[in-house]
Amino acid sequence: NSRGNYLLTITSPDRSISSAGELESLSKPPETTPDRALERAIKATRLAQETIAANIEAYYTYNRVDLNGDGLNDAVAYLTGGGFCGGSGGCSIGIFQGVPGGYREVGAYSFSVTPLVVANSTTNRWQDIVIKHYAPSARQFSEHLYQFDGTGYPGYQGGEQVNKDSLSVDRI
């Protein structure tokens, strides 16, 4: 199943996304070279600290993308294993701003699956993102739109639910 091999989807300004299959066809495979600066940023997160303290093995895959147009690569990391994954579905996604010499966390989401969608639409000069989450209470996955609020992407509860079958680049 190639779905697990893709982390990031960049939407095209002249395309309307009408299905999950179309999202997957626009995806690009994750980076294969370890990024030590990103690893340091991941290890500094609260969730990673808990995983490290418990001595549990964990992994990450990532893509680089300039989310804010500053010319520095930001990173979207999919964190698996250890405390990063829930028993009911999905793992964690971290959004990291590229800064001189490393990265700074600007968003963190649990119970998430790939692909994550990076839209061409922007809020506060950052591209909007759509993440698919598992809702244990509803026992299903749903897509949520997140917009940069000036300091970061809002937490899990701050996303607006969107209909995956009607996502368009103007909306996402």
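If you're wondering where the values come from, they're calculated on a predicted model, not measured in any experiment.

Caption draft 1: Fine view of the environment of Glu 50. Within the secondary structure, Glu 50 sits in helix α3 (residues 46-53). Sequence separation between Glu 50 and Gly 82 is 32 residues; the distance between their C-alpha atoms is 9.0 Å.

Caption draft 2: Fine view of the state of the cysteines. With the rule as written, the count across this model stands at one disulfide. Paired through a disulfide, Cys 85 and Cys 91 show a sulfur-sulfur distance of 1.9 Å. Taking the sign of the S-S torsion, about 100 degrees here, the bridge from Cys 85 to Cys 91 comes out right-handed.

Caption draft 3: Here's a closer look at the confidence of the model for the protein. Across the protein, the average pLDDT comes to 76, with 75% of residues at 70 or higher. Across the protein, strand β5 (residues 91-99) holds the top mean pLDDT of 93, while helix α1 (residues 20-25) sits lowest at 47. Note that residues 10-25 has pLDDT below 50 and, in this model, 36 contacts with residues that lie over four places away or in other chains. Here residues 166-172 is modelled with pLDDT under 50, and outside its nearest four sequence neighbours on either side it reaches 24 contacts, counting other chains as well.

Caption draft 4: Region of interest: the pattern of salt bridges. Enumeration according to the criterion identifies four salt bridges in this entry. The salt bridge involving Asp 35 is made with Arg 64; its shortest N-O contact spans 3.1 Å. Taken as a pair, Asp 35 in the loop between β2 (27-28) and α2 (36-43) and Arg 64 in strand β3 (residues 58-65) lie far apart in primary sequence, 29 residues in all. Given a relative accessible area of 8%, Asp 35 falls into the buried group. Here Arg 64 falls in the partly exposed class, since its relative accessible area comes to 26%.

Parameters and conventions
- Residues numbered from 1 in each chain as written.
- Predicted model: local features only at pLDDT ≥ 70, side-chain atom pairs only at ≥ 80, totals over all residues.
- Heavy atoms only, no water.
- Helix = DSSP H or I, 4+ residues; strand = E, 2+ residues; numbered from the N terminus.
- Disulfide = S-S within 2.5 Å.
- pLDDT = per-residue confidence, 0-100.
- Contact = heavy atoms within 4.5 Å.
- Salt bridge = Lys/Arg side-chain N within 4 Å of Asp/Glu carboxyl O.
- Buried < 20%, exposed > 50% of the residue type's maximum accessible area, 1.4 Å probe, protein only.

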